[in-house]
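Summary of the model geometry
Chain by chain, the residues run as shown.
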Amino acid sequence: MTDAGLKMDRKGTRVLIVVFALVCVLGLVTSVSMNLVNRSLWLDEASLSVSFLDRSLANLWDGPFEGNQTAPLGWLYVTKLITVIFGTSEFALRLGSVLFYLLTIGAVWLAARKIFEVPPVLAAAAAALFANITYVLEYSNEFKPYIAEGFFVLLVLLAFHAYRKGKIKAWLLALIWAVLIWFSNPVCFLEGGCLLVEGIRLLRAKNRKGLLALVGVGAAILASFAVYYFFWLKPVATRDGMQSYWNDYAFPLIPTSKTALVNLAKSVYRMFRGFGLDMWVMLPLTVLAAVYVLVKRKAWGLYILAGLFVALVASWLHFFPVMDRLWLFLIPLDIVFCFGALADFCASLLRKGQRLPAVLLGLVLPVVLVVAAWGIPTYLGHPERVYRRGEEVNSEIAYVQDHIQPGDQVYVFRSSVNTYQYRMGKENRSLGGMPDNVILGDVHFAEHGECDREISRLLE
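Residues numbered from 1 in each chain as written. Predicted model: local features only at pLDDT ≥ 70, side-chain atom pairs only at ≥ 80, totals over all residues. Heavy atoms only, no water.

Structural notes on the overall build of the chain
Of the regular secondary structure elements, the chain holds 20 helices and two strands. Here the C-alpha radius of gyration of the chain, 24 Å, is about what a compact globule of 460 residues would show, namely 23 Å. Across its three principal directions, the C-alpha atoms of the chain cover 80 × 50 × 50 Å. Buried positions account for 51% of the 460 residues belonging to the chain. A fraction of 73% describes how many contacts in the chain between residues 6 or more apart in sequence connect residues 24 or more apart. If you sum the accessible surface of the chain, you get close to 22,100 Å²; carbon and sulfur atoms cover 63% of it. (Helix = DSSP H or I, 4+ residues; strand = E, 2+ residues; numbered from the N terminus. Rg over C-alpha atoms; globule rule 2.2 N^0.38 Å. Buried < 20%, exposed > 50% of the residue type's maximum accessible area, 1.4 Å probe, protein only. Contact = heavy atoms within 4.5 Å. Areas by Shrake-Rupley, 256 points an atom, 1.4 Å probe, with all protein chains shown as cover.)

Quick word on the side chain of Arg39
Looking at where Arg39 falls in the secondary structure, it is placed in the loop between α1 (10-36) and α2 (43-54). Buried within the structure, Arg39 lacks any salt-bridge partner; Glu45 is the closest side chain of opposite charge, at an N-O distance of 4.6 Å. Separated by 3.0 Å, the side chain of Arg39 and the backbone oxygen of Met34 make a polar contact. Among all residues touching Arg39, those that are not within four sequence positions of it are Met34, Glu90, Arg94, Asn141, Glu142, Val386, Tyr387, Glu392 and Asn394. (Lys, Arg positive; Asp, Glu negative; His and termini not counted. Salt bridge = Lys/Arg side-chain N within 4 Å of Asp/Glu carboxyl O. Polar contact = N/O pair within 3.5 Å; in protein donor to acceptor, adjacent residues only side chain to side chain.)

Comments concerning unusual backbone geometry
With phi around 55°, Glu117 is a residue other than glycine that occupies positive phi space. With respect to the helices and strands, the residue Glu117 is situated in the loop between α4 (90-114) and α5 (120-132). The residue Trp374 is not glycine, and still its phi comes out positive at about 60°. Note on placement: Trp374 falls in the loop between α16 (355-373) and α17 (375-379). Residue classification places Trp374 among the exposed residues on the basis of a relative accessible area of 51%.

Observations regarding the packing of helix α7 (residues 146-164) against helix α9 (residues 187-204)
In the contact formed by α7 and α9, the axes pass within 8 Å of each other and the chain directions differ by 25°. In this view, α7 runs roughly parallel relative to α9, as classed from their interaxial angle. Between α7 and α9 the crossing geometry is right-handed. Across the interface between the two elements, Phe152, Val153, Val156, Leu157, Phe160 and Arg164 of α7 pack against Val187, Leu190, Glu191, Cys194, Glu198 and Arg201 of α9. Taken together, the residues of the contact of α7 with α9 break down into eight nonpolar, no polar and four charged. (Axes fitted to C-alpha atoms, helices over the stretch in contact; angles between N-to-C directions. Parallel < 35°, antiparallel > 145°, perpendicular 65-115°, else oblique. Left-handed = near helix turned anticlockwise from the far one by under 90°. Nonpolar A, V, L, I, M, F, W, Y, C, P; charged D, E, K, R; others polar.)

Remarks on the packing of helix α3 (residues 73-86) against α4
Closest axis-to-axis distance for the α3/α4 pair is 8 Å, and the angle between their directions is 120°. One way to sum up the angle between α3 and α4 is to call them oblique. In this structure, α3 crosses over α4, and the sense of that crossing is right-handed. Residues Trp75, Val78, Thr79, Ile82, Thr83 and Phe86 of α3 form the contact with α4, whose own contacting residues are Ala92, Leu93, Leu95, Gly96 and Phe100. Residues of the contact of α3 with α4, tallied by class, amount to eight nonpolar, three polar and no charged.

Details of the environment of Leu195
Relative to the elements of secondary structure, Leu195 occurs in helix α9. A relative accessible area of 17% places Leu195 in the buried class. When residues no more than four places from it in sequence are discounted, the contact partners of Leu195 are Trp177, Leu214, Val217, Gly218 and Ile221.

Considering the pattern of salt bridges
Taken as a whole, this structure holds 13 salt bridges when the rule is applied. Across the pair Asp44 and Arg325 runs a salt bridge whose closest N-O atoms are separated by 3.9 Å. Of this pair, Asp44 sits in helix α2 while Arg325 is found in the loop between α14 (299-316) and α15 (330-351), placing the two residues 281 residues apart along the sequence. We note that Asp44, like Arg325, is buried. The shortest N-O distance in the salt bridge between Arg94 and Glu45 comes to 2.9 Å. Of this pair, Arg94 sits in helix α4 while Glu45 sits in helix α2, placing them 49 residues apart in sequence. Each of the two residues, Arg94 as well as Glu45, counts as buried. Counted as one network, the salt bridges with shared partners bring together Asp54, Glu66 and Lys426.

Some words on helix α18 (residues 393-403)
Within α18, burial applies to Val393, Asn394 and Ile397. Viewed along the axis of α18, the buried residues span an arc of 105°, placing them on a single side of the element. The exposed set on the far side of α18, more than 90 degrees from its buried face, consists of Glu396, Tyr399 and Asp402. The elements touched by buried residues of α18 are α4 and α19 (417-424). (Arc of directions from axis to C-beta.)

Some details on α4
For the α-helix, the turn length of 3.6 residues means that residues three or four positions removed from each other point alike. Here α4 is 25 residues long and its end C-alpha atoms lie 36 Å apart, about the 36 Å a rise of 1.5 Å per residue gives. Along α4, the largest kink reaches about 30° and is centred on Gly96. (Expected span 1.5 Å × (residues − 1). Bend = angle between axes of the 7 residues up to and from the residue.)

Re the nonpolar core
Judged by nonpolar contacts, the single largest core of 127 residues is most densely connected at Trp177, Trp327 and Ile335. Among the elements that make up this core, the one with the highest residue count is α7 (14 residues). Residues in contact with Trp327, not counting those within four places in the same chain, are Met271, Leu308, Ala311, Leu312, Phe320, Pro321 and Val322. Core analysis: the second largest hydrophobic core is formed by 11 residues, Ile397, Ile404, Met434 and Val438 among them. (Core = buried A, V, L, I, M, F, W, Y, C linked by side-chain atoms within 4.5 Å.)

Quick notes on the confidence of the model for the chain
When pLDDT is averaged across the chain, the result is 93; 95% of the residues are at 70 or more. In the model, residues 1-8 has pLDDT below 50 throughout and makes 24 contacts with residues more than four positions away in sequence or in other chains. (pLDDT = per-residue confidence, 0-100.)

With respect to the side chain of Asn35
Along the chain, the position of Asn35 falls in helix α1. Judged by its relative accessible area of 3%, Asn35 falls in the buried class. The residues contacting Asn35, other than those within four sequence positions of it, are Glu90, Phe91, Arg94, Leu95, Val98 and Asn141.

Below, the structure is given as structure tokens:
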């Protein structure tokens, strides 16, 4: 669909682009404001912070983190560099996610324009939709790598697009893809999907030179992934505890029972529920876009579908669980996929003279999706909605320090121990200026028969 495809007047198109750009700016303002409140690290963030803060830039890579925690090593180094500059406050630890949120907004716009060739107004709508999703804003200021995944996945596609257009050589594509594996786990799925589809295309065209170049790219990323997996990922990924924890989250690729069908529906729901209310539009829209891409054999869409198929196979083999936060990369990827299909379909409608359905699908529907996302109104100006119930240790510590009396003892529940230690120091057992008045919990009181010792310790 060309820029003039929807035949709107230039003034109307410009107004919409400005509105969508304003949404993106407000999204950034919202994300920063969410990060400025005195919000504690919650359980997952605090658990990751233990080893992260104990290590320097020089030894960040040295072995798995405590508590079954892991994150892509490249992302860890980016975040570590940020803390070297800005310190180790909660704000600084989360600053990398704010940065990647902003970068992903730009990557969505760029991918929509360059790869899918959608008009500027629709590309701006895609970026605004991503910027305004409640779930995206929530993870845009967490000390976890999930918000960055979508950015690196889109970089995979942008690099491959540049390669197919002859703008970069195969060796540079191989280098970019090999490096990206160390920054994000899902990128290997998209890289595999691109290689699969492009390899079939080159085989059918009997393009031996192109096929050999593609084999070289594949060998490079396979070598990079092997080193990354055995050096960094495997020690945590293959632990019995983690395997047991994620056992029920494997995607049932070939459902053979009623239970498997139920799990399939649950998996799809977990993959898309990050869209919030928009899920009920984006899910059927994704199915229709996939059918359209397969029928029309649109190369840009086939690369994404193949990459998602590789991800589902990996999940089926218990290598990549279907949990909403782990699939956050799907949100920006699915937005550009669906908007690309919409743009292409609307262009065909316009060629047939069907302007009204083209405008409804190509302009009205994106506007509705952007508005319905409702992330910015949820959080902007409402700092109380930022806090996590049961996780705000900072305010509890401040209250205890102001009100504790001589002889009082403080018990820190096991799930809050890492957050307490981050705030007060790993070896600190004192609050309110009184010595040794803090007891750190050892158990979660979750299983019968394991609490007697803990209870006895408290009673003493």
